[in-house]
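Spelled out from the first residue to the last, the chains are:
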Amino acid sequence: QVQLVESGGGLVQAGGSLRLSCAASGRTFSSYAMGWFRQAPGKEREFVATISGKGINTDYANSVKGRFTISRDNAKNTVYLQMNSLKPEDTAVYYCAARFLPIATLTREYHYWGQGTQVTVSS
């Protein structure tokens, strides 16, 4: 079992930055690929970024490439999402998710989910 707790969300102006964190329980954190997803009101949950267990492989949604960076610190059981050049369309609840290797981009491929953190970007 893996428990995930996100933090770092908030209100930011367009063009600004935020860093989300996701703290995971358990002693086998490096065995899990981690992902960030988001869900805007009235829309389905969508993939944002994913990172492999040792942080070697990453993948991003086209909408965030060049603006967002996913990283992890396995010594701290934490995965991060650095979000730069934020746009109003980035407004959503952001969720952290985990799956037992390898990386994946589909919601249904992840087994464990956090409770989400709200990110609001004002224009």
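Everything discussed here concerns the structure shown above.
Criteria and cut-off values
Residues numbered from 1 in each chain as written. Predicted model: local features only at pLDDT ≥ 70, side-chain atom pairs only at ≥ 80, totals over all residues. Heavy atoms only, no water. Disulfide = S-S within 2.5 Å. Helix = DSSP H or I, 4+ residues; strand = E, 2+ residues; numbered from the N terminus. Core = buried A, V, L, I, M, F, W, Y, C linked by side-chain atoms within 4.5 Å. Buried < 20%, exposed > 50% of the residue type's maximum accessible area, 1.4 Å probe, protein only. Contact = heavy atoms within 4.5 Å. Pairing = 2+ DSSP bridges. Axes fitted to C-alpha atoms, helices over the stretch in contact; angles between N-to-C directions. Phe/Tyr/Trp six-rings, centres within 6.5 Å; stacked < 30°, edge-to-face > 60°. Lys NZ or Arg CZ within 6 Å of the ring centre and 35° of its normal.

Caption draft 1: Representation of the state of the cysteines. Per the stated rule, a full pass over the model turns up one disulfide. Here Cys22 is linked by a disulfide to Cys96, with a sulfur-sulfur distance of 2.1 Å. One quick way to see it: the torsion about the S-S bond of Cys22 and Cys96 is about -80°, and its sign makes the bridge left-handed. Of this pair, Cys22 sits in strand S3 (residues 18–24) while Cys96 sits in strand S9 (residues 92–100), and the two are 74 residues apart along the sequence.

Caption draft 2: Layout of the nonpolar core. Core analysis: the largest hydrophobic core is formed by 34 residues, its most contacted members being Met34, Trp36, Val79, Leu81, Met83 and Tyr94. Only S3, strand S4 (32–39), strand S5 (46–51), strand S7 (68–73), strand S8 (78–83), S9 and strand S11 (117–122) provide two or more residues apiece to this core. The residues touching Val79, leaving out its near neighbours within four places in the chain, are Leu20, Ser21, Cys22, Phe29, Met34, Trp36, Ile51, Ile70, Ser71, Arg72 and Cys96.

Caption draft 3: Representation of the sheet that holds S3 within the structure. Strand order in the open sheet formed by four strands is S1-S3-S8-S7, and the pairing between neighbours is antiparallel. The open sheet has two free edges, formed respectively by strand S1 (4–7) and S7, since each of these has just one partner strand. Between one strand axis and the next, the sheet turns through 15° on average, direction left out of account. As judged from the six bridges shared by S7 and S8, these two strands associate in the antiparallel manner. Residue Asp73 lies in a different strand from S8, and its bridge partner there is Thr78.

Caption draft 4: Quick peek at the packing of aromatic side chains. Scanning all chains against the criterion turns up six aromatic pairs. Centre to centre, the rings of Phe37 and Tyr110 are 5.1 Å apart; their planes meet at 75°, and the pair counts as edge-to-face. Note that Phe37 is positioned in strand S4 and Tyr110 in the loop between S9 and strand S10 (112–113), a separation of 73 residues in sequence. The exposure classification of Phe37 matches that of Tyr110, with both residues buried. Three or more aromatic residues joined by ring pairs make a cluster, and in this case those are Phe37, Phe47, Tyr110 and Trp113. If you follow Arg72 out to its NZ or CZ, it ends over the ring of Phe29, 4.4 Å from the centre.

Caption draft 5: Expanded view of unusual backbone geometry. The residue Asn77 is not glycine, and still its phi comes out positive at about 55°. Turning to its location among the elements, Asn77 is positioned in the loop between S7 and S8. Of note, the phi angle at Ser85 is positive, near 50°, even though the residue is not glycine.

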